[in-house]
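# Observations on the three-dimensional arrangement
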Protein chains: 2
Amino acid sequence: MADTNSPPTMKDVAREAGVALGTVSKVINGIPVGESYRVRVEEAVAKLNYRVNSYAKGLKTNKTSTVAVMVPNLVSPFFAMLVNSIYRELSNRKHRMLLFATDFDPTQEQEYVILAEQQKVDGIICLSYNPELKVAESVPVVSIDRYFGGQIPCVSSDNFGGGRIAVEKLYENGCRNLAFMRIGSKLTNEPNKRKEGFISACEMRNIPYTLKIVDDGTPYSAFEEFLQEHVNDGRLDFDGIFCVTDSLACRIAGYLRGMGIRVPEDVQIIGFDGVRRFGDQEYFCSTIVQPVDEMARTCVEVILERDMGRSPSLVCLPVEYAYGGTTRS
Amino acid sequence: MADTNSPPTMKDVAREAGVALGTVSKVINGIPVGESYRVRVEEAVAKLNYRVNSYAKGLKTNKTSTVAVMVPNLVSPFFAMLVNSIYRELSNRKHRMLLFATDFDPTQEQEYVILAEQQKVDGIICLSYNPELKVAESVPVVSIDRYFGGQIPCVSSDNFGGGRIAVEKLYENGCRNLAFMRIGSKLTNEPNKRKEGFISACEMRNIPYTLKIVDDGTPYSAFEEFLQEHVNDGRLDFDGIFCVTDSLACRIAGYLRGMGIRVPEDVQIIGFDGVRRFGDQEYFCSTIVQPVDEMARTCVEVILERDMGRSPSLVCLPVEYAYGGTTRS
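Residues numbered from 1 in each chain as written. Chains lettered and ligands numbered in written order. Predicted model: local features only at pLDDT ≥ 70, side-chain atom pairs only at ≥ 80, totals over all residues. Heavy atoms only, no water.

## Quick look at the domain arrangement of chain A
Where interface size is given, it is often the accessible area lost as the parts come together that is meant. All names here are of chain A. Note the threshold: Domain start and stop positions are those given by an automatic or database domain assignment. The contact definition used throughout considers only heavy atoms, calling two residues in contact when any of these lie within 4.5 Å. Accessible surface is computed with a 1.4 Å probe, and the buried area is the amount of it that two parts give up when combined, taken over both parts together. Each reported salt bridge corresponds to a side-chain nitrogen of Lys or Arg within 4 Å of a carboxyl oxygen of Asp or Glu. Numbered from the N terminus, helices here are DSSP runs of H or I no shorter than four residues, and strands are runs of E no shorter than two. Gly is placed with the polar residues, together with every amino acid not listed as nonpolar (Ala, Val, Leu, Ile, Met, Phe, Trp, Tyr, Cys and Pro) or charged (Asp, Glu, Lys and Arg).
Domain boundaries assigned for chain A yield domain 1 (10-52), domain 2 (66-157 + 293-317) and domain 3 (159-291). If you average the C-alpha positions of domain 2 and of domain 3, the two centres end up 29 Å apart. With 17 residues of domain 2 in contact, the opposing surface of domain 3 contributes 13 residues. Together, the buried faces of domain 2 and domain 3 total about 1,300 Å²; carbon and sulfur atoms form 57% of this surface. Considering only the side of domain 2, the residues that lose the most area to domain 3 are F78, D145 and S157, jointly responsible for 39% of the buried surface there. Where domain 2 touches domain 3, the interface holds zero salt bridges. Elements that contribute at least two residues to the side of domain 2 that touches domain 3 include exactly α5 (77-92), β7 (154-157), α11 (292-305) and β15 (314-317). Tallied by class, residues from the side of domain 2 that touches domain 3 come to 11 nonpolar, two polar and four charged.

## Some thoughts on the pattern of salt bridges
To keep things clear, this is the line we draw: Relative accessible area decides the class of each residue, using a 1.4 Å probe on protein chains only: under 20% of the type maximum gives buried, over 50% gives exposed, and in between gives partly exposed.
Per the counting criterion, the structure on display carries 28 salt bridges over all chains. In this structure, E301 of chain A engages R93 of chain A in a salt bridge whose closest nitrogen and oxygen atoms are separated by 3.6 Å. Residue E301 of chain A is located in helix α11, and its partner R93 of chain A is located in the loop between α5 and β3 (96-101); the two are separated by 208 residues in the primary sequence. Using a relative accessible area of 31% as the deciding quantity, one classes E301 of chain A as partly exposed. For R93 of chain A, a relative accessible area of 28% gives the class partly exposed. Two residues, R262 of chain B and D266 of chain B, come together in a salt bridge whose shortest N-O distance is 2.9 Å. For R262 of chain B, a relative accessible area of 48% puts it in the partly exposed group. For D266 of chain B, a relative accessible area of 32% corresponds to the partly exposed category.

## Here's the deal with the relation of the copies chain B and chain A
What counts is decided by this rule: The fit set for superposing copies consists of C-alpha atoms from residues with pLDDT of at least 70 in both; the fit itself is least squares.
For the match of chain B to chain A, the screw axis carries a shift of 0.1 Å, the RMSD comes to 0.3 Å, and the turn is 180°. Taken together, these values place the two copies in the relation of a two-fold axis. Interface overlap between copies is the fraction of interface residues in one copy that are interface residues in the other; for chain B against chain A it reaches 97%, indicating a shared surface.

## Section: the sheet that holds strand β4 (residues 123-126) of chain B
Hydrogen bonds between backbone groups are what pair the strands of a sheet, and the pairing can be parallel or antiparallel. The condition is simple: Strand pairing follows a simple DSSP-based rule, namely that at least 2 bridges must link the two strands. For every element, the axis is a line fit to its C-alpha atoms; helices are fit only across the contacting stretch, and the angle between N-to-C directions ranges from 0 to 180 degrees.
Strand order across the open sheet formed by 12 strands is β15(A)-β7(A)-β6(A)-β4(A)-β2(A)-β3(A)-β3(B)-β2(B)-β4(B)-β6(B)-β7(B)-β15(B), with mixed pairing between neighbours. In the strand order of this sheet, the two ends are held by β15 of chain A together with β15 (314-317) of chain B, each with one partner. With direction set aside, neighbouring strand axes in the sheet form an average angle of 25°. The pairing of strand β2 (residues 66-71) of chain B with strand β3 (residues 96-101) of chain B spans six bridges and is parallel. From the neighbouring strand, M70 of chain B faces β3 of chain B, where its bridge partner is F100 of chain B.

## Considering the interface of chain B and chain A
Condition: The definition of a polar contact used here is a pair of N or O atoms within 3.5 Å, where within protein one atom must be able to donate a hydrogen and the other to accept one, and adjacent residues in sequence count solely through side-chain atom pairs.
Each partner contributes to the interface: chain B provides 64 residues, whereas chain A provides 62 residues. Together, the buried faces of chain B and chain A total about 6,000 Å²; carbon and sulfur atoms form 58% of this surface. For the pair chain B and chain A, the number of links is zero salt bridges. For the pair chain B and chain A, the number of links is 14 residue pairs in polar contact (both at pLDDT 80 or more). At the level of secondary structure, the elements contributing two or more residues to the side of chain B that touches chain A comprise β1 (3-4), α4 (54-61), α5 (77-92), β3, α6 (106-118), β5 (135-136) and α10 (246-258) of chain B. Of the residues in the side of chain B that touches chain A, the class split is 33 nonpolar, 17 polar and 14 charged.

## Remarks on the environment of V69 of chain A
All names here are of chain A. Mapping V69 onto the fold places it in strand β2 (residues 66-71). Sequence separation between V69 and F100 is 31 residues; the distance between their C-alpha atoms is 6.1 Å. Setting aside its immediate chain neighbours within four residues, V69 contacts V83, I86, L90, M97, L98, L99, F100 and I125.

## With respect to the packing of helix α9 (residues 221-229) of chain B against α10 of chain B
Residues and elements named next belong to chain B. The criterion, for reference: Should an angle lie under 35 degrees it is considered roughly parallel, over 145 roughly antiparallel, and from 65 to 115 roughly perpendicular; all remaining angles are considered oblique. In this scheme the crossing of two helices becomes right-handed for a clockwise turn of the near helix relative to the far one and left-handed for an anticlockwise turn of less than a right angle.
Following both chains from N to C, one finds α9 and α10 inclined at 50°, their axes separated by 10 Å at the closest point. With respect to each other, α9 and α10 are oriented oblique. Our pair here, α9 against α10, has a crossing hand that is right-handed. For the pair α9 and α10, contact is made by S221, F223, E224 and L227 and by L248, I252, Y255 and L256, respectively. Partitioned by chemical class, the residues of the contact of α9 with α10 number six nonpolar, one polar and one charged.

## Concerning the state of the cysteines
Formally, a disulfide is one covalent bond, and it connects the sulfur atom of one cysteine to the sulfur atom of another. Residues and elements named next belong to chain B. Just so we agree on the cut-off: Any two cysteine sulfur atoms lying within 2.5 Å of each other are counted as a disulfide.
As enumerated under the stated definition, the model contains zero disulfides over all chains in all. Unpaired in terms of disulfides, C202 finds its nearest cysteine sulfur in C175, a separation of 10 Å. The class of C202 is buried, set by a relative accessible area of 0%.

## Quick notes on the pairing of strand β6 (residues 141-144) of chain B
Working note: regular strand, side chains alternate between the two faces of the sheet. Residues and elements named next belong to chain B. Every second residue of β6 is oriented toward a common face, with V141 and S143 on one face and V142 and I144 on the other, all of them buried. Where β4 meets β6, three bridges bridge the pair, whose relative direction is parallel. From the neighbouring strand, I125 faces β6, where its bridge partner is V142.

## Considering the environment of A44 of chain A
All names here are of chain A. The topology assignment puts A44 in helix α3 (residues 35-48). When its relative accessible area of 3% is taken as the criterion, A44 is described as buried. Along the chain, A44 and A14 lie 30 residues apart, while their C-alpha atoms are 7.9 Å from each other. Once residues within four sequence positions are removed from consideration, A44 is found in contact with V13, E16 and A17.

## Considerations on the nonpolar core
So the rule is basically this: Nine residue types can take part in a nonpolar core, namely buried Ala, Val, Leu, Ile, Met, Phe, Trp, Tyr and Cys, and a core is a set of them joined through side-chain atoms within 4.5 Å.
Core analysis: the biggest nonpolar cluster contains 98 residues, and V69 and I86 of chain A together with V69 and I86 of chain B have the highest contact counts within it. Core analysis: the second largest hydrophobic core is formed by 40 residues, C175, F238, Y255 and I270 of chain B among them.

## Observations concerning the confidence of the model for chain A
Here is the rule we go by: The quantity known as pLDDT measures the predictor's confidence residue by residue, on a range of 0 to 100.
With 92% of its residues at a pLDDT of at least 70, chain A reaches an overall mean of 90. For this predicted complex, the interface score ipTM comes out at 0.78, while the overall pTM is 0.82.

## Some thoughts on empty space enclosed by the protein
Put simply, the rule reads: Lining residues are those with an atom within 4 Å of a point, where the points come from a 1 Å grid over the protein atoms alone and group into cavities, where a 1.4 Å probe fits but cannot get out, or pockets, open sets with protein on both sides within 12 Å along at least five of seven lines. Grid points are joined across faces, edges and corners, and a volume is the space filled by probe spheres set on the points.
Within this structure, the stated rule accounts for two cavities of 30 Å³ or more. The calculated volume of the largest cavity comes to roughly 210 Å³. V75, P77 and G279 of chain A together with V75 and P77 of chain B are the residues nearest the centre of the largest cavity, which is lined by 23 residues in total. Mapped onto the lining of the largest cavity, the elements with two or more residues apiece are α5 of chain A together with α5 of chain B. Partitioned by chemical class, the residues of the lining of the largest cavity number 16 nonpolar, three polar and four charged.

Right under this line is the structure:
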């Protein structure tokens, strides 16, 4: 690993190009100068590998080419996938990412938003668990999965549609008695619509269904107990289960196998998210796949191109079913 | 989501405290002023929730409280775990994280290093695939897993020790004919030592062993073919396999099961990394666990507290074995 010299300054560019400092500044800021001057400056910029000091630029233009991204953590594969895609989109548009991990703490989220604003980021993309989150009007914000009432654009999967697709798939595969299982935050957010879609499709098809919904912090054994209560003569009451996440679906499959009930022969299970083993291998279970790349692209477009008056208040992007071994097809 | 007013400035603090702007500046920069002035400024800072504009501060002090973190991507769970831990350590020390994902591209890595330097980060933590990486002497750099020759501190797991622990565990579990399997970059890096540790322990114990090592880009089916070539009368030649990552270990277990060979009854497998399903559930396989939190803490300590003359050139942190279903114990 060798050393480079200290980074070139605008003065170095002016010297190399043989022009005045003001001319360099104009070219860099896109202000017209004589063609030959522009060419000389651009050649000097390329030769010296000069880059604009974005801290100085941030002070002058109020733009820092930096977007803050706020998620609970990176160890949950869905959040990691999402941040990875948002990073790619920002990078394609020559923007940097300042990452904040909130650990689901509403107070920390509010702190981070204030911090991001003070640091003059060009926007904030947040997956928030703070329904009272306050943001300055001057900073564009896009929310993922939490609808804040219209003035903050929200980007989400079509969670309602996903719930319906899961029911349709289970029905098509022969299931006639369904259960929906969820663990998660009590707060209103878009993923709640997975349940609504599930109920809607069951009722349309006259399929009997049962809901097992518990709050964050409940031990997972609550689901095991629920399943045990619904076994009669060695058979589970349900032949199809839709779980709010892939993570829960895999736990449920594990409990059932431990109880001697076969997946997918006796019970078919569909999760939600579409995460893959090790990030790039097979799906953990049959699943409703969230369009993570499209969600990331939409967030970044809304942040960087928004015209506040015209931004949609909610964008739901289409999901699709993928087979992952816990259903018959 | 309500609006806040625009963030308070140093002038607002001076007005609130009833002191001169210079006094506020002194207090913020830790320069002594009269006790009553200091108290008034601190009270005004607290009341207004004033935060230092770190872009302005970055220009003046050459410190931005920002550390750049460079990894190939976030979808690989080991990288995601590592970034998550580094984030926590930086956050505990009131530093922000600027994230760069390099997608294993050496050119992009070099670009990012130059970018990070120009943006006056306080340091760079990188997991690099560019053995020619050039960095300015003015920016502290810590490398994860790649040793650059001494002047750049390198933090890594005890990969050599991990290879030995894997062999010892397989031997203890009754294995007497071992294989080591690896897919990865041809470049010299610390994880190569997993193989060296494996060989060292096999030779010490006089255990016969076979190596199957392929470069990145080789199709995984090469491993399946290798396994098939080593089946005689329905039995695999090896009774224990050590794989360079958990990801490879799970693929190998899948191939073997597909061939009708039982894991762990006929063959025991140990991976490396210690990643968990969905980030917080069980291990994917029996594994050598990397001490991710300690690695992150060490990187951050070396970056923020380093005294260039005294930084160690290589810090290897202890690993440990964890049972994950692909061994007998």
